[in-house]
Amino acid sequence: MNNKKPKNVFKDGAISSEFIANSIAKHQSKTSIGAHNIFLGQVRADIIDDKTVLDIEYTAYEDMANAKFHDIREAAFSKFDLTCMHIYHSLGKVNTGEICMFVFVSSPRRKEVFKAIEFIVEEIKANVPVFGKEIFEDKTHQWKVNT
Amino acid sequence: MNNKKPKNVFKDGAISSEFIANSIAKHQSKTSIGAHNIFLGQVRADIIDDKTVLDIEYTAYEDMANAKFHDIREAAFSKFDLTCMHIYHSLGKVNTGEICMFVFVSSPRRKEVFKAIEFIVEEIKANVPVFGKEIFEDKTHQWKVNT
Amino acid sequence: MRLTIKYFGLLAEVTQCSEEQFEFSGMLISELLETIYLKHPKLKEKDFQVAQNQIIVTNETEISGRDIALLPPFSGG
Amino acid sequence: MRLTIKYFGLLAEVTQCSEEQFEFSGMLISELLETIYLKHPKLKEKDFQVAQNQIIVTNETEISGRDIALLPPFSGG
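Residues numbered from 1 in each chain as written. Chains lettered and ligands numbered in written order. Predicted model: local features only at pLDDT ≥ 70, side-chain atom pairs only at ≥ 80, totals over all residues. Heavy atoms only, no water.

Participant: Lay out the nonpolar core in plain terms, naming residues and giving numbers.
Facilitator: If you look at the biggest cluster of nonpolar residues, it comprises 70 residues, and the most contacted ones within it are I120 of chain A together with I120 of chain B. Once you skip the residues sitting within four places of it in the chain, I120 of chain A turns out to touch I72, A76, M85, I87, V103 and V105 of chain A. (Core = buried A, V, L, I, M, F, W, Y, C linked by side-chain atoms within 4.5 Å. Buried < 20%, exposed > 50% of the residue type's maximum accessible area, 1.4 Å probe, protein only. Contact = heavy atoms within 4.5 Å.)

Here you go:
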């Protein structure tokens, strides 16, 4: 899986549960896998100054982001004993309650997937240039900042 | 969610990707959730003394197991800031490549789901009386032991 | 007292039954095990825990008479 | 030299453009920023990082001329 060119991690709009199910089903032929761990980011209806978030519009510095996703992927494969890894992130509008990020790791052993999933998600949050604009009911907005 | 009677965690046979997708989709109305973490146990085609595992037949001390699942659930809710938690485990025959355990936790914040999922899975492995009989191609078997 | 003992997994294979009754007059789990070993000496070689009323107990635990089960190593998940 | 600067998120709102060109004769990122601030003084109040050739750089980095972007705090995931 190494030294490939960066793939495009971005998907237009929300990530559906059917897409996730299909991704899980594809791994049933990989019978060396004993454990999967899946992280899903879901858009929260946060209330800020009495206004409720309706949706988030994601933009990104796409080339740099895909290169960073690629670096994170390579780092995770070298640190952990993983059979597979998949990362998807939304661009554009994602409503509250919908999935905006899907990280999926698989390994023969469970200890590896726990460490890997946290590493990958924290790396994405810290190092990938993706920007979320939180749109409120009254069409005002604010720019989200990861904590 | 507390002080409920133990639910039945067991499902007959493998856990399908459609079942998992449906479970994810049900959480889209819970807009305080920001992060989900899903652990899936998959049956490995291990090779032991030149024989390959074909499937695992799971049995359990069901009453005690459901009570233990309940205890683990209560402990996780008290330790971590979780919005939802779901645990399912197969009984009976599960083929290699199929899913035999599905643990699903959701929280407003990602840090909580990482800690919770590992806690829950390790507790299940250590404390729930479930027994896996690994059946080989030649119909011989051995009893699996968690490591 | 008449006790019902449950066997699971590998232990049910060794005893060739999933549940059986014993007439027993002792007090401790360790004494019960000696009684069971008389009928199933091969159990002595096996690794297992004892649950009473669905809680894991030690050999020194007093028998209360309810739900005794012999449990081989767990392999859930 | 003629440089193309990309703005993202909040910064694109402040500058009201996603990309623009500057004529520039300095050497360092810090000097480039001073040039940009002349046109967009409000950027001075904003929190951002600079990427050159898709790598985060410091104010003391020398300009190589390729792909310069101003990036507000990340909020992926």
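Participant: Talk me through the sheet that holds strand 2 (residues 19–23) of chain C; I want residue IDs and the actual numbers.
Facilitator: Remark on secondary structure: sheet strands pair via backbone hydrogen bonds, oriented parallel or antiparallel. Residue and element names in this part refer to chain C. Read from one edge to the other, the open sheet built from five strands follows the order 2-1-5-3-4, with strand pairing classed as mixed. Each edge of the open sheet is held by one strand with a lone partner, namely strand 2 and strand 4 (55–57). On average, adjacent strands in this sheet sit at an angle of 35° to one another, irrespective of strand direction. Alignment of strand 3 (residues 49–52) against strand 5 (residues 68–71), held across four bridges, turns out to be antiparallel. Along strand 5, the bridge assignment pairs A51 with A69. (Pairing = 2+ DSSP bridges. Helix = DSSP H or I, 4+ residues; strand = E, 2+ residues; numbered from the N terminus. Axes fitted to C-alpha atoms, helices over the stretch in contact; angles between N-to-C directions.)

Participant: Explain the interface of chain B and chain C to me, and be specific about the residues and the numbers.
Facilitator: Listed by partner, the interface residues are 24 residues for chain B and 17 residues for chain C. Both sides of the chain B and chain C interface together cover about 1700 Å² of buried area, and 60% of this is carbon and sulfur. At the junction of chain B and chain C, the tally comes to one salt bridge. Between E13 of chain C and K133 of chain B there is a salt bridge, with its nearest N and O atoms 4.0 Å apart. Put simply, chain B and chain C have ten residue pairs in polar contact (both at pLDDT 80 or more) between them. Going through the elements one at a time, strand 4 (51–60), helix 2 (62–79), strand 6 (99–107), helix 3 (110–127), strand 7 (130–136) and strand 8 (141–143) of chain B are the ones with two or more residues in the side of chain B that touches chain C. It is strand 7 of chain B that provides the largest number of residues to the side of chain B that touches chain C, a total of four residues. (Buried area = accessible area lost by both parts, 1.4 Å probe. Salt bridge = Lys/Arg side-chain N within 4 Å of Asp/Glu carboxyl O. Polar contact = N/O pair within 3.5 Å; in protein donor to acceptor, adjacent residues only side chain to side chain.)

Participant: Which residues make up the pattern of salt bridges, and what values do they have?
Facilitator: Side-chain pairs of opposite charge can arise where the charged atoms are in close proximity. Summed over the entire model, instances satisfying the criterion amount to 17 salt bridges over all chains. Of the charged contacts, one joins D138 of chain B and K51 of chain B as a salt bridge, the two residues approaching to 3.8 Å between their closest N and O atoms. Taken together, the residues span a long stretch of sequence, with D138 of chain B in the loop between strand 7 and strand 8 and K51 of chain B in strand 4 at a distance of 87 residues. Owing to a relative accessible area of 43%, D138 of chain B belongs among the partly exposed residues under this scheme. Judged by its relative accessible area of 26%, K51 of chain B is partly exposed. Put simply, K6 of chain C and D67 of chain C hold a salt bridge, and the shortest N to O gap is 4.0 Å. Of this pair, K6 of chain C sits in strand 1 (residues 2–7) while D67 of chain C is found in the loop between strand 4 and strand 5, placing the two residues 61 residues apart along the sequence. On the accessibility criterion, D67 of chain C (31% relative accessible area) is partly exposed.

Participant: Talk me through unusual backbone geometry; I want residue IDs and the actual numbers.
Facilitator: Backbone geometry places D49 of chain A, a non-glycine residue, at a positive phi of 50°. Here D49 of chain A lies in the loop between strand 3 (47–48) and strand 4 (51–60). Among the residues examined, D49 of chain A registers a relative accessible area of 70% and is labelled exposed. In this structure, Q54 of chain C is a non-glycine residue whose phi angle is positive, near 65°.

Participant: Quick rundown of the interface of chain B and chain A? Include the residues and the values.
Facilitator: In this complex, chain B contributes 39 residues to the contact, which on the side of chain A involves 39 residues. Taken together, the two surfaces of chain B and chain A that pack against each other cover about 3300 Å², and 50% of this comes from carbon and sulfur. Inspection of the region where chain B meets chain A yields four salt bridges. Note that E122 of chain A is salt-bridged to K111 of chain B, the shortest N-O span being 3.5 Å. Taken together, the connections running from chain B to chain A amount to 19 residue pairs in polar contact (both at pLDDT 80 or more). Breaking the side of chain B that touches chain A down by element, the ones donating at least two residues are helix 1 (17–25), strand 2 (35–42) and helix 3 of chain B. Considering only residue class, the side of chain B that touches chain A consists of 17 nonpolar, 13 polar and nine charged. (Nonpolar A, V, L, I, M, F, W, Y, C, P; charged D, E, K, R; others polar.)

None of the figures reported here should be taken as evidence of function without further support.
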